Structure formats: C-alpha cells, structure tokens
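So the chains spell out like this:
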Amino acid sequence: MKIELKNISKVIKKNNVLEDINYTFTGGCVYGLIGKNGCGKTMLMRLIAGLIYPTSGSVCINDKILGKDISFPDSIGILIENPEFLNDYTGFENLKLLAGLQKNVDEQEIKDTLTSVGLDYNDKRKFYKYSLGMRQRLGIAAAIMGKPEIILMDEPINAIDEDGVAIIRDLIRGLVDKNRIIIIACHDKEEMDYLADKKILMSSGKIVKEMIV
Amino acid sequence: MKKTYYKKIIILFLEIIATIIIVFRISYVTKNAHHPQVNIVSQGDGAVYKGVEYIITDAVMWEYNDFYDEYKELDEYYIDDYADECMMLVVEMELTVKDDGSGTFDYYMPIQYYYQDNGVDPFMFADMNPALIDGGFCSGEHIFVPYEIYKVNATEKQWNEIEDMKTTYKIVLGNYPERNELLITDIRRGVAE
Amino acid sequence: MRQILKLEIYKALRTKTFFISIGIGIIISVLQTNWFYNNFFVENYRLLEEYMNLTNDDPHYFNVWFETGVLQGWLGCEYASVYNELFFLIMPLLAVLPYGGALYMEWNKGYSAQILIRCDRKKYFTAKMIAVFVSGGIAISIPLIFNFIVSACYLPMIGVDPLSMQAIVANRDMWAVLYFDYPALYVLAYTILDFVFGGLMACMALVVTHFFDNVFAVMIFPLLVNCLLYYGLDTVDSATRKYNMSFIVNPSQGGGGNEILAVMTTVFMSIFITILLYFMANRKRDVIKER
C-alpha cells in the first residue's frame, strides 16, 4: 500500500495552501500531521481523498494517478472536520445508505462498527438530535466501516469524552496493518505521541520535517 | 417482520378497493351524464327544429374575391386582407313550417368542421335574405346562409382539405335535449360570372 | 451507477419538503375543485333546470345547453378561477422544493465528501440530477392527476363541445384531437409534458448551486426564471411564446396555442442546455466546506 505525493501544489484564491509537497506514505504505519491552524493539514487530506484537485503535481495511490487513472481511492475512509450526515435518518440508517455504495459492507458489520465506537445501533434518534460527541463517533464509524486501506482522520478525538478517547485510541491502533495507511491530524500532543508512528510537521503549506516517534 | 408484511397487505388491499370504487364512480358519472339525442341528417334530408323543417338543398364554396364578385351587393363586408385567408361557404336551405304553423325560425345555425365552429354573420345573413326581415318570407321558400371559413382557424393540412373541398361540415340546430346535425357533404365550387 | 442512483432517488422521495410540495399542490387542487363545483357545475345544472321548464315560444329557450365535461373542471384547463394560473406560476417552486437544494446542502455541509470517496464523481452528479428531475416531476404530476381523478368523480369523461364556446383549446392547437375527443389522453399527455418541465425546472437549481451563497437563492432561482419568461420575455417579444417554457407547461394553452414542433424543440434544447451547464459548473469542483 503506497501513497505518493509528487510536486503537489494547491492554490486557492491566490493563496498557496499547499506548496511543492513530495512525500510517500506506506502501509503499516500511523502518520500524524502536526502544525498550526491553516498550515494545510486538512487540505492535504482532502487531496489524498480525491476531494480536491492539485493545481500542479500528482497523487499516486499504488501507482495509479488520482484524477487520471482513478477518480477516488479504491478503499478509503475519511473523517474531515465536523462530520455531516443526513439529518432525517438514524446513525444506523446513515451508515447503511453509505454502505449501499460499497460492496463489502453488510448490516452486521455496520452494527459491529457502531458498537466499536460506542454507539447503539438500535438508537432510533435521528442524526439532527445527536450531540457533538455522538456525531464525531458516527463520523469515525463511517471512516472505518468496511476496514478501508486508507483512513484519514482530522481531529478524531474532538468533542469525545475521556472514556471515548480511550476507545478511539485503541481502535486506531488496532487498525494498523501493513496494507493500511492511517493519517491523522490532531492538536493534542499526548494523543499524537501515543497514536502516531511518524509525525510530519507542516507549516505554510509545506512539509517541514518528518519525525519518527 | 410479520407485522410489516401484514401492514403492506392491508394497505395494498385498501388501495385496490379505492381504485375499484373510483373506477366505478367515474364510469357511473360518465354513463349518466346528460347526453343529447343526436339526429344526424344527410344532405337533402330534412330535420325539424322548433317546428320548422330544414333541408340543405345546395352548398357552394367560394374563393373570397369570387364571392364578392358574385354578390356585389355585399361589397361593404369585403376586407382586403382576407383575400387569401378566407373562403366563403354559402348553404342554401329550404324552410318549411310544419303542420300546426307555430314553428319558430332560429338563425343561430352554427357550422362545425373539424373542431372549429362558426356562427352566421347576422347582418350579412339579413342582407342575403331580405324576405326574412320584411315579413315576405313564406313556408317552403329557400334561404341562403353564408359562412366565413378562416385559414387561421385551421392547420395547414386542414386548410388544404378545405381548399380541395374534402372537408365535411355540419350545421348544428339545437344541442339539448335534441341535437340535429345536418351534414354538408356535397359542395360545389363557386365561379363568379 | 445503480447503487448511487438508488440511493439518490431513495433520499429524494423521502424528504419532508417532497411531501410539503405535494401537499401544497393538493391543497390548490382541492380549492380549485371546490370553487369549480360551486361556481360552475352547480350553476350549469340550475340553468338546465330553468331551460327544461321553458317552451319553444319562450324567447329565452335557446335549446342550447352543454354538459360540463371533465376537462372544463380539471385544474390544468380550468381558466375561470385563479388556481390554474397560481399553480403554473409557482410550478418551479413546487418542483424545486423536494430535492433541488440537496446538492447545495450536501456539498457545503461536507456530506458530499462521504459519497465522493465511495462513488465516481460523474456518477454522483448524474444520479443527483436524475433524482432531482424525478422528484420535481412527481411533485408537479401528482396534484394534476389527483385533481383529474377527483374531477372525474363528478364530471363525465366527455370532451368539450366546440359549440359550447367553453373550449380553451382551439382547433389548430396542439393535441386538439385529444382535448375534444379523448380527455383522459389529453390529461395524460400534458401530465407527462409537465413532469418533464417540472423536472427541468428543479434541475435549474442544480445548475446555479455553486453560484449563490444562500440555499434560498438557489431554490428561488427557477421561480425567478419562470417569472422572467412569463412576464418579461413575453412582453418584449410575444413571437417567442411558442418556445416559452412558462407558456408551454399550461394545458390551457393560453398563450395562443402550442405547436408540437416548438414544444419538442424547447424540451430537447432545455434538457441539453441544463445538462451541459450542470456538468460544466461541477467539473473539477473542489469539495471544500465553505460555510
């Protein structure tokens, strides 16, 4: 499993949000993106997910160019910013609708995933009634559902209570696999030290330093 | 699971019942509508309406200009712009007051062709049949009824048929409870002398 | 493609706004039926009773009375009350309410991201457009069909007699044969046409999704276009009326009658332009939560 970023630049409204990024992510590792607000961590994740197009450069996933050979990574789960789902459906229904687009996820797996993040799959409450913490958990569930080969998480423990943090932490570590790339961004230094195997420091849209934890 | 299944069956059953009721209701309403008794009368045969028998004895289709060349006394009704946009159909009818002599002549005799209807210009009609106005008209005499057939009311195909005299017209006398349709099938082309 | 299409149509036909839109249409339909029954149908039968008591000698006895047919009472063709004009004026709003704002909401809230990592972008946009089209078309068709069924429950399924001078459609107008002889088929034909145009109007909102900062502006755009076409373009040049969508959709053909060729041209051109603009507007668009 490999993600290669080659000479990636992204300009939005004359701002260089990403500048000349060259990096390779490989499986079996949790990568932690660190940096100040606005340094480009979220943009980089969006780029890897195929949600935005680079102004120049290319993203290769297992030697396939994103946006050319494939329009989105074959197997990916994301949690970017505040996760949004359909307000008039329950958590289970929301995941079921998304799972309908993926061939490898059945109802039992959805239930197991919801349980693993600390949500009740029988909960009849609609998404609009969920608390911030519940929404975050559902977002995580959507990201890990189907055990994708690429998992991108931006601030995964945001709004999660202490017990939940422990659950999420173990969940992420439990997903580490040689065929899986996990990239997380988190402001909590302690969590980052625990979760990440490699830390990537970003500043002003550039990768400044790579640190092995 | 069983509850949902039974619920679906009940809903389906109610939908079918509702559909059947609606279909029957619609059929009933249509069947019991006030349909007039329609008398279709061939050209040359008579139709009695308000105590007067009407028989179409002749029908002549005129080009607009030819009509006004023929009926010079009607010159005041001529409009330049209509020359290529209008044909004139003049229907000759025999009127006979029936036995008890109390019949009423009704000049409201619209003509229908395709889905178009035209009435009679009352002033032109009066000028073509002065006896009806001055009281000199007798039972058994003939009247001439002019109809303007406009190109703007017909499609291109229909207008070609009208010009080629392939159109069937009908004069309608009354509509309810009895509707008399006097068919005009034999039309000759008018030529100004 | 099947999965995303199934998902989008499933969502489109279950929104609250879908049922609200149909509800508004049904209310207009019921009000119109009530008006017509009390002001036209009942009055017509009173006239019949009056005429049946007259004799040939009475100067008011014209022997001319016409049964009110189903098309005269149908919302699409009934032109005496305001309801026909109201329905077709707000038709774009009714069409766009169900799902027209969905792309805007999903894109700007970030839900689209969840879809786009599971599905090809082109398929997503195609499925979205189809779902908006279908939901918009259904929202317009259901009140028309409902009104027809209710009208048929008290008005006979007969065509309009041309002699009655109550026909809103003229001999040379589009589908005159159906109007005068096969009323149910006329209703069916126009319902299908209004389904298509309703869907297209809803899709207009999709085209402008990324050009407005406000979902309200996106939703109201098709209504504004309709008003512009109806009151604006027609005033400037009434020769364009036969290609004017806002006139074509009305089964009463009040704009001087429709022509089948002009209608088909308008349909295909509208579909082509809408699809072209829609995909051009969304080609290579970044999924960034802007608000």
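Residues numbered from 1 in each chain as written. Chains lettered and ligands numbered in written order. Predicted model: local features only at pLDDT ≥ 70, side-chain atom pairs only at ≥ 80, totals over all residues.

**Some remarks on the sheet that holds strand 9 (residues 198–203) of chain A**
All names here are of chain A.
Part 1: Pairing within the open sheet is mixed, and its 6 strands lie in the order 6-7-8-3-9-10. Lying at the two open borders of the sheet, with one neighbouring strand each, are strand 6 (76–79) and strand 10 (206–212). If you compare each strand with its neighbour and ignore which way they point, the axes differ by 15 degrees on average.
Part 2: Sheet topology places strand 6 next to strand 7 (residues 150–154); 4 bridges connect them, and they run parallel. Its bridge partner being in strand 7, Ile 78 is matched across the sheet by Leu 152.
Part 3: Sheet strands touched by helix 1 (residues 41–49): strand 3 (29–34), strand 6, strand 7, strand 8 (181–185) and strand 9. Its angle to strand 7, the strand with the most contacts, is close to 155 degrees. (Pairing = 2+ DSSP bridges. Helix = DSSP H or I, 4+ residues; strand = E, 2+ residues; numbered from the N terminus. Axes fitted to C-alpha atoms, helices over the stretch in contact; angles between N-to-C directions. Contact = placed C-beta atoms within 7 Å.)

**Notes on the arrangement of the chains**
Part 1: In this assembly, 2 pairs of chains are in contact, and the pair with the greatest number of contacts comprises chains B and C.
Part 2: At their nearest point, the C-alpha atoms of chain A and chain B are still 16 Å apart, with no contact between the two.

**Observations regarding the nonpolar core**
Part 1: Membership of the largest hydrophobic core comes to 175 residues, with the highest contact counts inside it found for Ala141(A), Leu152(A), Val132(C) and Cys203(C).
Part 2: Ignoring sequence-local partners within four residues, the contact set of Cys203(C) consists of Met129(C), Val132(C), Phe133(C), Thr274(C) and Tyr278(C). (Core = buried A, V, L, I, M, F, W, Y, C linked by C-beta atoms within 7 Å. Buried ≥ 20, exposed ≤ 12 C-beta atoms within 10 Å, placed from the backbone.)

**Observations regarding helix 13 (residues 260–282) of chain C**
All names here are of chain C.
Part 1: Taking 1.5 Å per residue as the helical rise, helix 13 with its 23 residues ought to reach 33 Å, and the 33 Å between its terminal C-alpha atoms agrees with that figure.
Part 2: Every buried residue of helix 13 is listed here: Val 263, Thr 274, Tyr 278 and Asn 282.
Part 3: On the buried face of helix 13, the contacting elements are helix 8 (121–152), helix 10 (183–207) and helix 12 (245–248).
Part 4: Once helix 13 finishes, Lys 284 follows within two positions and takes phi at roughly 55 degrees, a positive value. (Expected span 1.5 Å × (residues − 1).)

**Re the sheet that holds strand 5 (residues 64–65) of chain A**
Part 1: Read from one edge of the open sheet, 4 strands run 2-1-4-5 (chain A), paired in antiparallel fashion. Unpaired on one side and paired on the other, strand 2 (15–26) and strand 5 of chain A mark the two borders of the sheet.

**A short note on the packing of helix 10 of chain C against helix 13 of chain C**
Residue and element names in this part refer to chain C.
Part 1: Between helix 10 and helix 13, the least distance of the axes is 10 Å, while the angle of their chain directions is 25 degrees. With respect to each other, helix 10 and helix 13 are oriented roughly parallel. The crossing of helix 10 and helix 13 is left-handed. Note on element contacts: helix 13 touches helix 10 through Val 267, Ser 270, Ile 271, Thr 274, Leu 277, Tyr 278 and Ala 281, opposite Val 196, Leu 200, Cys 203, Met 204, Leu 206 and Val 207. (Parallel < 35°, antiparallel > 145°, perpendicular 65-115°, else oblique. Left-handed = near helix turned anticlockwise from the far one by under 90°.)

**Quick look at the interface of chain A and chain C**
Part 1: Taken together, the contact between chain A and chain C spans 22 residues of the former and 22 residues of the latter.
Part 2: Looking at the side of chain A that touches chain C, the elements with two or more residues in it are helix 1, strand 6 and helix 2 (91–99) of chain A.

**What about the environment of Lys14(A)?**
Part 1: Relative to the elements of secondary structure, Lys14(A) occurs in the loop between strand 1 (2–12) and strand 2.
Part 2: Assessed through the 5 C-beta atoms surrounding it within 10 Å, Lys14(A) is described here as exposed.

**So, the interface of chain B and chain C**
Part 1: Taken together, the contact pairs 23 residues of chain B with 22 residues of chain C.
Part 2: Listing elements by their share of the side of chain B that touches chain C, those giving two or more residues are helix 1 (2–31) and strand 6 (116–118) of chain B.
Part 3: Tallying contributions element by element places helix 1 of chain B first for the side of chain B that touches chain C, with 5 residues.
Part 4: Here the residues of the side of chain B that touches chain C are counted per class, giving 10 nonpolar, 10 polar and 3 charged. (Nonpolar A, V, L, I, M, F, W, Y, C, P; charged D, E, K, R; others polar.)

**Observations concerning the pairing of strand 1 of chain A**
Part 1: Taken together, the 8 bridges between strand 1 of chain A and strand 2 of chain A define a ladder with antiparallel strand orientation. Bridging across to strand 2 of chain A, Lys10(A) finds its partner in Leu18(A).

**Let's talk about the packing of helix 2 of chain A against helix 3 (residues 107–116) of chain A**
Residues and elements named next belong to chain A.
Part 1: Two elements in contact, helix 2 and helix 3, have axes separated by 10 Å at closest approach and are oriented at 130 degrees. In terms of orientation, helix 2 and helix 3 fall into the oblique class. Helix 2 and helix 3 meet at a crossing whose hand is right-handed. Each of Gly 91, Phe 92, Leu 95, Lys 96 and Ala 99 in helix 2 lies in contact with helix 3, whose residues at this interface are Glu 107, Ile 110 and Leu 114.

**Side note on the domain arrangement of chain B**
Part 1: Taken as a whole, chain B is organised into domain 1 (1–33) and domain 2 (37–189).
Part 2: Once you take the C-alpha centre of each, domain 1 of chain B and domain 2 of chain B turn out to be 51 Å apart. (Domains from an automatic or database assignment.)

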